[in-house]
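Secondary and tertiary structure notes
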2 protein chains.
Amino acid sequence: MTGPVTPPTFADVQEAAARIRPHIHRTPVLTSSFLNALTGAELFFKCENFQKAGAFKVRGASNAVFGLPEARTGAGVATHSSGNHALSLSYAAGRRGIPVTVVMPRTAPEAKKAAVRGYGGTIVECEPSTSSREAVFAKVVAQSGADFVHPYNDPRVIAGQGTCALELMEQVEGLDAVIAPIGGGGMISGTCLTLSAIAPDIDIFAAEPARADDACRSFRAGHIIADDAPDTIADGLKVPLKDLTWHFVRNHVTDILLADEDEIISAMLLTWQRMKIVVEASSSVPLATLLKHKDRFRGRRIGVILTGGNVDLNRLPWTGSEKGE
Amino acid sequence: MTGPVTPPTFADVQEAAARIRPHIHRTPVLTSSFLNALTGAELFFKCENFQKAGAFKVRGASNAVFGLPEARTGAGVATHSSGNHALSLSYAAGRRGIPVTVVMPRTAPEAKKAAVRGYGGTIVECEPSTSSREAVFAKVVAQSGADFVHPYNDPRVIAGQGTCALELMEQVEGLDAVIAPIGGGGMISGTCLTLSAIAPDIDIFAAEPARADDACRSFRAGHIIADDAPDTIADGLKVPLKDLTWHFVRNHVTDILLADEDEIISAMLLTWQRMKIVVEASSSVPLATLLKHKDRFRGRRIGVILTGGNVDLNRLPWTGSEKGE
């Protein structure tokens, strides 16, 4: 990434939409009369769990990869992630046929490593600590000259994520609010960017696990608060806000709502049982907060972004618990 | 049900489509580039797992319930089933506001019983044997005068199931074949009824568990063979053909293909992992046979009917096995 880091504009979202169209799915919007009755709201689920590589992250990653000038492609791209951004960047780079290196903790699930390699990515392992990750990643970039695509604090990535709300606006009329999970804030920032430009009256809610509530505390405090290693079942949402995403959260988010672990798991199970779709725990935080704060949403038309569906089907959080059917 | 039992006609399917439209979903068709690459065919999955009550069975049940003359509604409807037909008939009867009685073995899962009651159905328990079920059911009908809606050997039910293929024809052009699971043969019969009328060149394949292969053996022998209590993970497919469904199978099915238990479980897991949707084991038999008989389907456009998504999420067949991610 070169040049000063300034927030992307809506024109960047429109460019991203045209750029990534051949490489991603226009995901469907599903509804559930059961969940409408249960919440008292009218819910429109944007199914990014059906997205390429199983998550919305492929939008931002594809925008970065396919926006790279031809002269820069030889050195490839690199990132550090043990989650959906790693898969997504590997997918996009594989599709463009350029090198991609992902720094992952050696303790990351083998299935995730296999998926990155399956898309053609190279994994460099680090110890499971921030210091090791940063040292190893710096070395990778120094040696390869690869373009660093940050999982969320990158204007190309935020513009790419903004294409999701752009599609949702084309697919559903008359929304009163949109709600999405918040971790580092990439999806929420892209949503803010798009809606503030084309539908500024729509409320934007962020949903966060109570056990990783740094974005909520940042929002109330008026400055970024970062926690060290929060622990939640919603493992995509453990990372802190950064300057670019904080810019959008501070200026455009209506409120940040919290849900407890058992509420997140219940919402996830409910989604599987009633909508018959596989969603991650992180994707279930919005429904958990909708069920917890019914008064704020009653009678309103709400877009709910289901961010991903990459789940270890051998380790489901409700198995053996009392929460099942 | 009154009058002689004659096979339904395509006009019955068209009537059914108009009759049930307000009460069912027009389910989406999904595709998967991964599964296309894996099978070498172009697959179009008709998602009846997203259907009301979680399965295609609500089509036939709704057609029977909403086709009942007003004068007959007081006595309600009745059936025997411990599966999706029980849920579907209860859903449809609840929607019309007429009584519904379901005879279920006392050993049926509590979750299924709760779901039937949730839709407003009355459960009468029998012992888990055919003789007990028939005796109890005869008593229920004698006392209530209820209209018996058989799970599949009923022209109203078959005409209702035929609406699924009718939608599929409207949604996907140029199909070479359609494949669906076969148990009692209700879905396959409806598919035969519709396709033989409007697209007679399309091949119709039935997919059956090797451990409950009575339909396949019937097809080869030229007469109905019924097994006593076959055992398979695809628990919706244990029942035998009856005269009406045999009529369609014998006259219109191209072939019946078999899959082993581990192949069915692998196909089910693959569908969850790659398509991010919840499907039953019974729904996964077609994909299992497509993977087993690639040569027969290579390069062809295949409609695959995903029949249902009612799964006990606490008891997944791969949990604890080596088959996971």
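Residues numbered from 1 in each chain as written. Chains lettered and ligands numbered in written order. Predicted model: local features only at pLDDT ≥ 70, side-chain atom pairs only at ≥ 80, totals over all residues.

1. As for the overall build of chain A
Helix and strand counts for chain A stand at 13 helices and ten strands. By the compact-globule yardstick of 20 Å for 325 residues, chain A fits well, its C-alpha radius of gyration being 19 Å. Taken over 325 residues, chain A has a buried fraction of 54%. Residue pairs in contact within chain A that sit at least 24 positions apart in sequence constitute 75% of those at least 6 positions apart. (Helix = DSSP H or I, 4+ residues; strand = E, 2+ residues; numbered from the N terminus. Rg over C-alpha atoms; globule rule 2.2 N^0.38 Å. Buried ≥ 20, exposed ≤ 12 C-beta atoms within 10 Å, placed from the backbone. Contact = placed C-beta atoms within 7 Å.)

2. Some thoughts on the environment of Asp 147 of chain A
Examined against the element boundaries, Asp 147 of chain A turns out to sit in strand S6 (residues 147-148). Separated by 83 residues in sequence, Asp 147 of chain A and Ala 64 of chain A have C-alpha atoms that sit 9.3 Å apart.

3. Here's the deal with the pairing of strand S7 (residues 177-181) of chain B
All names here are of chain B. Of all the five residues making up S7, five are buried; the element is thus mostly covered by neighbouring parts of the structure. In this fold, the crossover linking S7 to strand S8 (residues 203-209) by way of helix H8 (residues 186-198) has right-handed handedness. In this structure, S7 lies alongside strand S10 (residues 301-306), joined through three bridges in parallel fashion. Among the inter-strand pairings, Val 178 is bridged to a residue of S10, identified as Gly 303. (Right-handed = clockwise from strand over helix to strand, strands pointing away. Pairing = 2+ DSSP bridges.)

4. Description of the environment of Gly 54 of chain A
Turning to its location among the elements, Gly 54 of chain A is positioned in the loop between strand S2 (42-47) and helix H3 (57-67). Its 25 C-beta neighbours within 10 Å are what place Gly 54 of chain A among the buried residues. Sequence-wise, Gly 54 of chain A and Val 279 of chain A are 225 residues apart; in three dimensions their C-alpha atoms are separated by 9.4 Å. Sequence-distant contacts of Gly 54 of chain A, that is, excluding residues within four places in its chain, are made with Asn 49, Asn 84, Leu 87, Gly 308, Gly 309 and Asn 310 of chain A together with Lys 276 of chain B.

5. What about the nonpolar core?
Formed by 201 residues in total, the largest nonpolar core has its most connected members in Val 77, Leu 89, Val 178 and Ile 302 of chain A together with Val 77, Leu 89 and Val 178 of chain B. The contact partners of Leu 89 of chain B, leaving out residues within four places of it in the chain, are Ala 61, Val 65, Val 77, Thr 79, Val 100, Val 102 and Val 149 of chain B. (Core = buried A, V, L, I, M, F, W, Y, C linked by C-beta atoms within 7 Å.)

6. A short note on the domain arrangement of chain A
All names here are of chain A. Each assigned domain of chain A is listed here: domain 1 (10-55 + 154-306) and domain 2 (58-148). On a C-alpha basis, the centres of domain 1 and domain 2 stand 24 Å from each other. In this assembly, 22 residues from domain 1 lie in contact with 15 residues from domain 2. Among the secondary structure elements, those contributing two or more residues to the side of domain 1 that touches domain 2 are helix H1 (10-20) and helix H7 (155-171). Take the side of domain 1 that touches domain 2: its biggest share by element is eight residues, from H7. (Domains from an automatic or database assignment.)

7. Digging into the sheet that holds strand S3 (residues 77-80) of chain B
Residue and element names in this part refer to chain B. Across the sheet, four strands lie side by side as S5-S4-S3-S6; this open sheet has parallel pairing. With one partner strand each, in any of the chains shown, strand S5 (122-126) and strand S6 (147-148) form the two edges of the open sheet. As paired elements, strand S4 (residues 100-105) and S5 share five bridges and run parallel to each other. Within the sheet, the bridge partner assigned to Pro 105 lies in S5 and is Cys 126.

8. Some thoughts on the packing of H8 of chain B against helix H10 (residues 243-252) of chain B
Residue and element names in this part refer to chain B. Two numbers describe how H8 lies on H10: the axes approach to 9 Å, and their chain directions differ by 55°. Taken together, the axes of H8 and H10 are oblique relative to one another. Read as a crossing pair, H8 and H10 show a hand that is left-handed. Contact residues: H8 offers Gly 186, Ile 188, Ser 189, Cys 192, Leu 193 and Ser 196, while H10 offers Leu 244, Thr 245, Phe 248, Val 249 and His 252. (Axes fitted to C-alpha atoms, helices over the stretch in contact; angles between N-to-C directions. Parallel < 35°, antiparallel > 145°, perpendicular 65-115°, else oblique. Left-handed = near helix turned anticlockwise from the far one by under 90°.)

9. Section: unusual backbone geometry
The phi angle of most residues is negative, glycine excepted, and most peptide bonds adopt the trans form. All names here are of chain A. You will see that Ala 53, though not glycine, has its phi angle at about 60°, which is positive. Mapped onto the elements of the fold, Ala 53 is located in the loop between S2 and H3. Using a count of 24 C-beta atoms within 10 Å as the deciding quantity, one classes Ala 53 as buried.

10. Describing the interface of chain A and chain B
Contacts between chain A and chain B engage 19 residues on the former and 19 residues on the latter. Within the side of chain A that touches chain B, the residues separate by chemical class into nine nonpolar, seven polar and three charged. (Nonpolar A, V, L, I, M, F, W, Y, C, P; charged D, E, K, R; others polar.)

11. Section: helix H4 (residues 84-96) of chain A
Residues and elements named next belong to chain A. In this model H4 runs 18 Å from its N-terminal to its C-terminal C-alpha over 13 residues, within 8% of the 18 Å that 1.5 Å per residue would give. Across the 13 residues of H4, ten count as buried, placing the element largely inside the fold. By the burial criterion, the buried members of H4 are Asn 84, His 85, Ala 86, Leu 87, Ser 88, Leu 89, Ser 90, Tyr 91, Ala 92 and Ala 93. Elements in contact with the buried residues of H4: H3, strand S3 (77-80), strand S4 (100-105) and helix H5 (110-118). (Expected span 1.5 Å × (residues − 1).)

12. Side note on H5 of chain A
Residues and elements named next belong to chain A. All of the buried residues in H5 are Lys 112, Ala 115 and Val 116. Buried residues of H5, viewed axially, fall in a sector of 100°; they line one side. Residues of H5 that are exposed and point more than 90 degrees away from the buried face comprise Glu 110, Ala 114 and Gly 118. The inward-facing, buried residues of H5 contact H4, S4 and strand S5 (122-126). (Arc of directions from axis to C-beta.)

13. Here's the deal with the relation of the copies chain A and chain B
Here chain A sits on chain B after a turn of 180° about the axis and a move of 0.0 Å along it, with an RMSD of 0.0 Å. On this basis, the relationship between the two copies can be described by a two-fold rotation axis. Using C-alpha coordinates, one finds that chain A approaches the rotation axis most closely at Ile 277 of chain A, a distance of 2.1 Å. Of the residues that chain A buries at the interface, 100% are likewise interface residues in chain B, meaning the two copies contact each other through the same surface. (Least-squares fit on C-alpha atoms with pLDDT ≥ 70 in both.)

14. Observations concerning the sheet that holds strand S7 (residues 177-181) of chain A
Residues and elements named next belong to chain A. Pairing is mixed in the open sheet, where six strands are placed in the order S1-S2-S10-S7-S8-S9. Edge positions in the sheet fall to strand S1 (29-30) and strand S9 (255-259), since each of these pairs with one other strand and no more. Where helix H12 (residues 285-292) meets the sheet, its contacts fall on S7, strand S8 (203-209), S9 and strand S10 (301-306), and the angle it forms with S9 comes to roughly 90°.

15. Description of the confidence of the model for chain A
Residues and elements named next belong to chain A. Summarising the model, chain A shows a mean pLDDT of 94, and 97% of its residues fall at 70 or more. Per-residue pLDDT stays below 50 along residues 321-325; that stretch engages in twelve contacts with residues further than four places along the chain or on separate chains. Predicted as a complex, the structure gets a pTM of 0.93 and an ipTM equal to 0.92. (pLDDT = per-residue confidence, 0-100.)

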